[in-house]
There are 2 protein chains.
Amino acid sequence: MTVATAGEFGLISRVTARLGAASPLVLLGPGDDAALVAAPDGRVVASTDVLVDGRHFRRDWSTARDIGHRAAAANLADIAAMGARPTALLVALCTPANLEITWAEELADGLAAEAGKVGAIVVGGDMSASPTLTIAVTALGNLEGRAPLVRTGARPGDVVAVCGRLGYAAAGYTILSRGFRSPKLLVEAHRRPQVPYAAGPSGARLGATSMIDVSDGLLADLGHIATASGVGIDLHRSAFVVPEQMRDAATALGVDPYGWILAGGDDHALAATFPPSIELPDDWRVVGEVLPASLPAGDGVTVDGRRYTGGAPGWDHFR
Amino acid sequence: MTVATAGEFGLISRVTARLGAASPLVLLGPGDDAALVAAPDGRVVASTDVLVDGRHFRRDWSTARDIGHRAAAANLADIAAMGARPTALLVALCTPANLEITWAEELADGLAAEAGKVGAIVVGGDMSASPTLTIAVTALGNLEGRAPLVRTGARPGDVVAVCGRLGYAAAGYTILSRGFRSPKLLVEAHRRPQVPYAAGPSGARLGATSMIDVSDGLLADLGHIATASGVGIDLHRSAFVVPEQMRDAATALGVDPYGWILAGGDDHALAATFPPSIELPDDWRVVGEVLPASLPAGDGVTVDGRRYTGGAPGWDHFR
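Quick caveat: nothing in here was measured; it's all calculated off a predicted structure.

1. Notes on the overall build of chain A
The helix and strand tally for chain A stands at nine helices and twelve strands. The C-alpha atoms of chain A give a radius of gyration of 20 Å, which matches the 20 Å a tight globule of 319 residues would have. In terms of its C-alpha atoms, chain A occupies a principal-axis envelope of roughly 60 × 50 × 30 Å. Counting all 319 residues of chain A, 61% fall into the buried class. Nonlocal contacts in chain A, meaning residues at least 24 apart in sequence, comprise 84% of its contacts between residues at least 6 apart. Surface summary for chain A: the accessible area is close to 11,500 Å², and the carbon and sulfur share equals 53%. Looking at chain A, you have 26 positive and 34 negative side-chain charges, and the mean spots of the two groups are 4 Å apart.

2. Observations regarding the sheet that holds strand 7 (residues 159–163) of chain A
All names here are of chain A. One open sheet holds the six strands; their spatial order is 8-10-7-11-9-12, and the pairing between them is mixed. Each edge of the open sheet is held by one strand with a lone partner, namely strand 8 (210–213) and strand 12 (301–303). Averaged over all neighbouring strand pairs, the angle between strand axes comes to 25 degrees, with direction disregarded.

3. Examining the interface of chain A and chain B
Counting residues at the interface gives 67 residues for chain A, matched by 67 residues for chain B. Each partner contributes to the roughly 5,100 Å² buried at the junction of chain A and chain B, and carbon and sulfur atoms together form 60% of this total. Counting across the interface, chain A meets chain B through four salt bridges. One salt bridge in this structure joins B:D32 and A:R151, with 3.6 Å as the shortest N-O distance. Taken together, chain A and chain B are joined by 18 residue pairs in polar contact (both at pLDDT 80 or more). Examining the composition of the side of chain A that touches chain B, we find that nine residues originate from one element, strand 3 (residues 43–52) of chain A, more than from any other. Here strand 2 (residues 35–38) of chain A pairs with strand 3 (residues 43–52) of chain B via four bridges, running antiparallel.

4. Description of the environment of A:R205
All names here are of chain A. Note on placement: R205 falls in helix 6 (residues 199–206). R205 gets classed as exposed once you look at its relative accessible area, which sits at 55%. The spatial distance from the C-alpha of R205 to the C-alpha of A72 is 24 Å, given a sequence separation of 133 residues. Not counting the four nearest positions on each side in its chain, R205 is found in contact with R85, E144 and R146.

5. Brief notes about the UniProt feature "binding site: substrate" (unreviewed entry) in chain A
Residues and elements named next belong to chain A. Those places that UniProt annotates as "binding site: substrate" (unreviewed entry) correspond, in this numbering, to H56, D266 and W315. As for its placement among the helices and strands, D266 is situated in the loop between helix 9 (257–263) and strand 10 (270–274). Taking the relative accessible area as the measure of exposure, D266 reaches 32% and is therefore partly exposed. Discounting chain neighbours no more than four positions away, the residues touching D266 are R70, A169, P193, V214 and S215.

6. Some details on the pairing of strand 4 (residues 85–95) of chain B
All names here are of chain B. Among the eleven residues in strand 4, ten count as buried, and that is most of the element. Two elements, strand 4 and strand 6 (residues 134–142), share nine bridges in a ladder whose sense is antiparallel. Its bridge partner being in strand 6, C94 is matched across the sheet by T134. Once you follow strand 4 into helix 3 (residues 101–116) and on to strand 5 (residues 121–129), the crossover reads as right-handed.

7. Remarks on the relation of the copies chain A and chain B
After a rotation of 180 degrees and a shift along the axis of 0.0 Å, chain A superposes on chain B with an RMSD of 0.0 Å. Both copies of the chain, as the preceding transformation shows, are related through a two-fold rotation axis. For chain A, the minimum C-alpha distance to the rotation axis belongs to A:G42 and amounts to 2.3 Å. Mapped onto chain B, 100% of the interface residues of chain A are again interface residues, and the two copies thus contact each other with one and the same surface.

8. What to know about helix 8 (residues 244–253) of chain B
Residue and element names in this part refer to chain B. When we look at burial in helix 8, the residues that qualify are M246, A249, A250 and L253. One face of helix 8 carries all of its buried residues, which in axial projection span an arc of 100 degrees. Exposed side chains of helix 8 directed beyond 90 degrees from the buried face belong to E244, T251 and A252. Buried residues along helix 8 sit in contact with helix 4 (168–177), helix 5 (184–191) and helix 9 (257–263). Phi turns positive one or two residues past the end of helix 8, at G254, with a value near 70 degrees.

9. With respect to helix 5 (residues 184–191) of chain A
All of the buried residues in helix 5 of chain A are A:L186, A:V187, A:A189, A:H190 and A:R191. Packed against the buried residues of helix 5 of chain A are helix 2 (64–80), helix 4 (168–177) and helix 8 (244–253) of chain A.

10. A word on the UniProt feature "binding site: Mg(2+) 5" (unreviewed entry) in chain A
In the numbering used here, UniProt assigns the "binding site: Mg(2+) 5" (unreviewed entry) feature to A:D216. The residue A:D216 is located in the loop between strand 8 and helix 7 (218–229) in this model.

11. A few points about the sheet that holds strand 11 (residues 285–292) of chain B
Residues and elements named next belong to chain B. Strand order in the open sheet formed by six strands is 8-10-7-11-9-12, and the pairing between neighbours is mixed. The sheet terminates laterally at strand 8 (210–214) and strand 12 (301–303), the two strands that pair on one side only. Sheet twist, expressed as the average angle between the axes of neighbouring strands with direction ignored, equals 25 degrees. One ladder, built from five bridges, connects strand 9 (residues 231–235) with strand 11; its direction is antiparallel. Along strand 11, the bridge assignment pairs G232 with L291.

12. Describing the domain arrangement of chain A
Residue and element names in this part refer to chain A. Per the domain assignment, the segments of chain A are domain 1 (3–142) and domain 2 (159–303). One C-alpha centre belongs to domain 1, the other to domain 2, and the line joining them spans 26 Å. Opposite the 21 residues of domain 1 that make contact, domain 2 presents 21 residues. Interface area for domain 1 against domain 2, summed over the two sides, is near 1,800 Å², with a carbon-plus-sulfur share of 56%. Of all residues in domain 1, the largest losses of buried area upon contact with domain 2 belong to W61, R70 and A81, amounting jointly to 37% of the total for that side. Counting every contact that joins domain 1 to domain 2 gives two salt bridges. For the salt bridge of D266 with R70, the shortest nitrogen-to-oxygen distance reads 3.8 Å. Counting every contact that joins domain 1 to domain 2 gives six residue pairs in polar contact (both at pLDDT 80 or more). Residues of the side of domain 1 that touches domain 2, tallied by class, amount to nine nonpolar, four polar and eight charged.

Procedures and definitions
Residues numbered from 1 in each chain as written. Chains lettered and ligands numbered in written order. Predicted model: local features only at pLDDT ≥ 70, side-chain atom pairs only at ≥ 80, totals over all residues. Heavy atoms only, no water. Helix = DSSP H or I, 4+ residues; strand = E, 2+ residues; numbered from the N terminus. Rg over C-alpha atoms; globule rule 2.2 N^0.38 Å. Buried < 20%, exposed > 50% of the residue type's maximum accessible area, 1.4 Å probe, protein only. Contact = heavy atoms within 4.5 Å. Areas by Shrake-Rupley, 256 points an atom, 1.4 Å probe, with all protein chains shown as cover. Lys, Arg positive; Asp, Glu negative; His and termini not counted. Charge placed at Lys NZ, Arg CZ, Asp CG, Glu CD. Pairing = 2+ DSSP bridges. Axes fitted to C-alpha atoms, helices over the stretch in contact; angles between N-to-C directions. Buried area = accessible area lost by both parts, 1.4 Å probe. Salt bridge = Lys/Arg side-chain N within 4 Å of Asp/Glu carboxyl O. Polar contact = N/O pair within 3.5 Å; in protein donor to acceptor, adjacent residues only side chain to side chain. UniProt positions renumbered as here; feature names shortened; annotations may be inferred. Right-handed = clockwise from strand over helix to strand, strands pointing away. Least-squares fit on C-alpha atoms with pLDDT ≥ 70 in both. Arc of directions from axis to C-beta. Domains from an automatic or database assignment. Nonpolar A, V, L, I, M, F, W, Y, C, P; charged D, E, K, R; others polar.

And the structure:
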């Protein structure tokens, strides 16, 4: 059955039925003009990310469930990068009228499962027909009384540390682009990023001075911190270990794996700066340091003291 | 200059520059991974609506600024219909790469101006290229300590009342569809709905038992209240006055104006039920009454005791 056959309200009721979870923080879920979500400390964190068919995902590369995981992850990671705990998602789905309704149901399953990893649930949304399959997600989050981890707080002398994977999703994307389907570790990383959500709030508690989620590529995203904080950042290439499967894939495809690691996005690792005195647990790897600003704005991230020229300078969604 | 020439970050910075307003409830606006908005009573109301080019708007019928007003209004009305005051918007914009950047800037102006009517501001968003111009908006709101006005509270004996315009936007849509551009009152109502936002919170304070915003058509939207509350609703046709310009336009086009009033959407009037003992101010017009459920679910709204057959039964976004 297609979504057009089911109709707007049929589709909404079938999709809503897949979101069966509950949360003590959700006071009113789908079915009214709006949802009602608790904001226990009197503030709510909110972020929106949109995924467009053929640009952010391909239906021949990823299942509907994969795409649901990825759409949720991209948004939940933004909440984590503020040092907050995600509470709820709202989803606007635009689909061609001939989309199979099972595709929409499995998308909902993926969204709900990814949100469930952090105890968040889908509380509302909207649907429309459109020639272009488009998924716009808004995530809400709870800072639990903490200050938000913004991009402006990095100070010279801080260390730069990363929690989570780098380059896996970009490697998976390259592998799929070349027509291959393995190694599975990398291809699956493109389909369903493994985001270290808990490191957002725990990084905040450790005393991080700034944090960002790596969606455009480590150099590009640290560039946002450097610009916003008015500092320079130097990364140590030796701090990045190339996993064996990534090295093998890079060799087979004739590419530099550091391009994936330093400039590839979509793993949604968390990158943060910490005062040097803080002892970081093992899940945070120190990969560089914050320096006084000495370079022109927008060009403030170097690798071993030099501007990195080995990969694309981050992802521009219009190019 | 097109959005592709400006690039993603160029477009974001140009659009963000148009949103210059401030709000005491917005603790952190655009520019970080997420925004931070105050939720003074420890709860946040949240709703998402998406508008798709050619389906919800036409760029040859409406300016970018009009479309910004309309996209904001559709979402702000949902917040008002919960009895809440809107605080913030997040906007995901998908555009063809060859869109003129001035179009995106004027869209932002419209969004900001409509939000400004209720003291809300645009706090964040996302942008992507897409073959289909798509605007997904999420609105947040503040209940100021009140209970949310849900669809389940209508009780037999309540009166049904409406605040705001009915049929104007639908008349404007029909007029534009037939190739005309006037009367201006009706055409402009399609382009920029006049939403009685303040009636949401004030209706809640008056003691409304349920409320909804009329986006799919009065019969369809009251049908949601009837179903959710397990009641019937009977409307009095004599309570609906056809404005002179609407009557003239209907006569000229050979249509029944009550089709626009009873089944036309997109004016975002607020429809509510109130206990009969409550004295309503003039901006609420009593148009019917709540009855015990006696009809099959989904068919619970009648006009003068009969099922209405004169117009489309509300808008299905997949048909």
